[in-house]
Amino acid sequence: MVAIQLFNEIGSIFRNTPTFALVLETLLVITVVWLLLHRRGGGRRRQLTKEEEDRIIADYEPEPLVADTDPNHPLLHTRVVQSKVGKRIKVDGHDCLNLGSHNYLGFLEDQEILEEACKSLRKYGVGSCGPRGFYGTMDVHLDLEDRIAKFMGLEEAIVYSYGFSTVASAIPAYAKRGDLIFVDEAVNFAIQKGLDASRSTIVFFKHNDVQDLERLLIEQEKRDQKNPKKAAKTRRFLVAEGIYMNTGEICPLPQLVALRQKYKLRLFIDESISFGTLGQGGHGVTEHFNVDRDEVDLISAGMEGSMATVGGFCVGSHFIAEHQRLSGLGYIFSASLPPMLTQAAISALDRFEREPQIFEQLQAKSKTLHQKFLGLSKLTLRGHELSPVKHLYLAQPAENFDKELKLLAELADKCIARGVAVVQAAYLQNRERQPVRPSIRIAVNRLLENAEIDSAFEVIESVSSSVL
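If you're wondering where the values come from, they're calculated on a predicted model, not measured in any experiment.

Chemist: In this structure, what is going on with the overall build of the protein? I would like to understand it.
Modeler: Across its full length, the protein holds 18 helices and 14 strands. Taken over 468 residues, the protein has a buried fraction of 47%. Contacts in the protein between residues at least 24 apart in sequence constitute 69% of all its contacts with a sequence separation of at least 6. On the protein, roughly 25,100 Å² of surface is accessible, and the fraction owed to carbon and sulfur atoms is 55%. Both charge centroids of the protein, one from 56 positive and one from 61 negative side chains, sit 5 Å from each other.

Chemist: Just to check I follow, could you spell out the domain arrangement of the protein for this structure?
Modeler: Interfaces are often described in size by the accessible area the parts lose on coming together. Domain assignment breaks the protein into domain 1 (74-101 + 357-467) and domain 2 (111-354). Each of domain 1 and domain 2 was reduced to a C-alpha centroid, and the two centroids are 27 Å apart. Taken residue by residue, the interface counts 22 residues in domain 1 and 24 residues in domain 2. Buried area between domain 1 and domain 2, summed over both chains or domains, comes out near 2,000 Å², and the portion from carbon and sulfur atoms is 57%. Three residues stand out in domain 1 for area buried against domain 2, namely F359, R382 and R433, and they jointly supply 31% of the buried area on that side. Put simply, domain 1 and domain 2 have 1 salt bridge between them. Salt-bridge contacts for E249 lead to R382; the nearest nitrogen and oxygen are separated by 3.1 Å. Across the contact surface, domain 1 and domain 2 share 8 residue pairs in polar contact (both at pLDDT 80 or more). Those elements giving two or more residues to the side of domain 1 that touches domain 2 turn out to be α16 (357-373) and β11 (389-394). Among the elements that line the side of domain 1 that touches domain 2, the one with the most residues is α16, at 4 residues.

Chemist: Sorry, what's going on with the sheet that holds strand β3 (residues 156-160) here?
Modeler: Across a sheet, paired strands are connected by hydrogen bonds in the backbone, their directions being either parallel or antiparallel. A sheet is described by the order of its strands in space; here 7 strands give the open sequence β3-β9-β8-β7-β6-β4-β5, paired in mixed fashion. A strand with exactly one partner marks an edge of an open sheet, and here the two such strands are β3 and β5 (201-205). Each strand axis lies, on average, 20° off the axis of its neighbour in the sheet, ignoring direction. Where strand β4 (residues 180-184) meets β5, 5 bridges bridge the pair, whose relative direction is parallel. From the neighbouring strand, V183 faces β5, where its bridge partner is F204. Seen against the sheet, helix α7 (residues 163-174) touches β3, β4, β6 (236-241), β7 (266-270), β8 (298-302) and β9 (312-316) and runs at an angle of roughly 155° to β8.

Chemist: When you look at the sheet that holds strand β10 (residues 379-382) in this model, what are you seeing that I'm missing?
Modeler: Sheet architecture is open: 4 strands sit in the order β10-β11-β14-β13, paired in antiparallel fashion. Looking along the sheet, the strands with just one partner apiece sit at the ends: β10 and β13 (423-424). With 2 bridges connecting them, β13 and strand β14 (residues 440-443) associate as antiparallel partners. Its bridge partner being in β14, Q424 is matched across the sheet by I440.

Chemist: Even after reading the chapter, I still don't get the packing of α7 against helix α8 (residues 189-198), so can you show me in this structure?
Modeler: For any two helices packed against each other, the geometry comes down to the angle between their axes and how far apart the axes lie. In contact at an axis separation of 7 Å, α7 and α8 are set at 30° when each is read in the N-to-C sense. When the interaxial angle is binned, α7 and α8 end up roughly parallel. With respect to the hand of their crossing, α7 and α8 are arranged in right-handed fashion. Within the contact between the two elements, α7 uses F164, V167, A168, I171 and P172 and α8 uses F189, A190, I191, K193, G194, L195, A197 and S198.

Chemist: Hey, could you run me through the packing of helix α9 (residues 210-226) against helix α11 (residues 253-263) in this one?
Modeler: Look at α9 against α11: their axes get within 11 Å of each other, and the N-to-C directions meet at 10°. One element, α9, and the other, α11, form an angle in the roughly parallel class. Of the residues in α11, those in contact with V210, L213, E214, L217, I218 and E221 of α9 are Q255, L256, L259, K262 and Y263. Counted by class, the contact of α9 with α11 contains 7 nonpolar, 1 polar and 3 charged residues.

Chemist: Sorry if this is basic, but what is going on with a nonpolar patch on the surface here?
Modeler: A cluster of nonpolar side chains, V23, L27 and I30, forms an exposed patch at the surface whose accessible area comes to about 280 Å². One can find V23 in helix α2 (residues 19-41).

Chemist: Looking at this structure, how should I read the environment of E112?
Modeler: Checked against the element boundaries, E112 lands in helix α4 (residues 111-124). Sequence separation between E112 and S347 is 235 residues; the distance between their C-alpha atoms is 8.0 Å. Sequence-distant contacts of E112, that is, excluding residues within four places in its chain, are made with R351 and R354.

Chemist: Explain unusual backbone geometry here, please?
Modeler: It is generally the case that most residues other than glycine have a negative phi and that most peptide bonds are trans. Although it is not a glycine, R199 sits at a positive phi angle of roughly 60°. Checked against the element boundaries, R199 lands in the loop between α8 and β5. For N208, which is not glycine, the phi dihedral falls at a positive 55°. Structurally, N208 is set in the loop between β5 and α9.

Cut-offs applied
- Residues numbered from 1 in each chain as written.
- Predicted model: local features only at pLDDT ≥ 70, side-chain atom pairs only at ≥ 80, totals over all residues.
- Heavy atoms only, no water.
- Helix = DSSP H or I, 4+ residues; strand = E, 2+ residues; numbered from the N terminus.
- Buried < 20%, exposed > 50% of the residue type's maximum accessible area, 1.4 Å probe, protein only.
- Contact = heavy atoms within 4.5 Å.
- Areas by Shrake-Rupley, 256 points an atom, 1.4 Å probe, with all protein chains shown as cover.
- Lys, Arg positive; Asp, Glu negative; His and termini not counted.
- Charge placed at Lys NZ, Arg CZ, Asp CG, Glu CD.
- Domains from an automatic or database assignment.
- Buried area = accessible area lost by both parts, 1.4 Å probe.
- Salt bridge = Lys/Arg side-chain N within 4 Å of Asp/Glu carboxyl O.
- Polar contact = N/O pair within 3.5 Å; in protein donor to acceptor, adjacent residues only side chain to side chain.
- Pairing = 2+ DSSP bridges.
- Axes fitted to C-alpha atoms, helices over the stretch in contact; angles between N-to-C directions.
- Parallel < 35°, antiparallel > 145°, perpendicular 65-115°, else oblique.
- Left-handed = near helix turned anticlockwise from the far one by under 90°.
- Nonpolar A, V, L, I, M, F, W, Y, C, P; charged D, E, K, R; others polar.
- Patch = residues over 30% accessible without salt bridge, like charges linked within 9 Å, V, L, I, M, F, W, Y side chains within 5 Å.

As structure tokens, this is what we get:
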């Protein structure tokens, strides 16, 4: 009877254990047995003599810790700024009009914001010296989160101390192994790192191509029909930028929202450029297209652009913010944003609400510069006319990217020597998902005068004609 009972229990265990688990356990047992038999039958290894050991050690050549670095790499020859950064800047001894810094609204040189930040410095000191969960949360952090949530008309916001880590932490806080993420192929490097950290299955669609995205969604829908049990457990995300850093183009948000509703996607939008630049009140790409912000599950943005400070934020529902306080690695393990920079962000929001005309002024300057720079004969302009970020490419492509990089570096150096500070867009080409074509990235400042735009055009046209 005992034997019969034991046999029934073993049979029950086998019936309730998944097939893949039984196969895996069997393979492990076979492997262990094979290793034991192999070790027993392998015999003893011959002991090396002292002379043989010395010869092996003498002949050993370890691989270098790092590969040889190109001495001409552009990052080893950086330009030196010798003044306060603003509409004008001193670079390598040259006083220049600044078209390189992401100071869209001109707040870097705003005296009121500077004075408020200095008051905060005297009250709190320089830094917090602790993460938000360990004595790093100060009242100004809570004030800023409350202000951002109210400004965007959403439930709650969470503030990070570094713009790059904001979206790079937010994505893996929600997306995990086994999930699906549909992503525009032109997303910035911070988003790419967030995708890597999520360990999800990544599906890239062509840049701003909604038809290509829907084609991929239909293909996935067909796969789901073949395995409905797996499909029921798979979460799906859609990630895009409001304005793409790498192209200066605006995402087709209304069409993305329509696909989100049709295919049950969770939509994440990075508004690092579009926040504070698009829309009548600077609320970003949702206001630009008059899309309800509740249609976007998570909005993230860096504060280094329009707010002219440091850090970033995510805003959405209470769950979106609260979950990141426990799962956002950049929030949990980084020292909190210095109080004076937090106050600078609060002061920037004050200006947003008090002077909404600044957004129209920036958009007008972006349009003016866009129309002017379309006339460059040796360079091609890319980007939306309302975008404060634009790219200039060689109109006649060189034989390879290295050649284009050298030509653009020479062009930038000569423009700086003639009083116009422009900069090459920097990429880690060996780490990017796909090679990004070299370009000169132009950043528009609200404080630019039309005469300064005309003068910058003349310098760039003259230099590009001589270099190219």
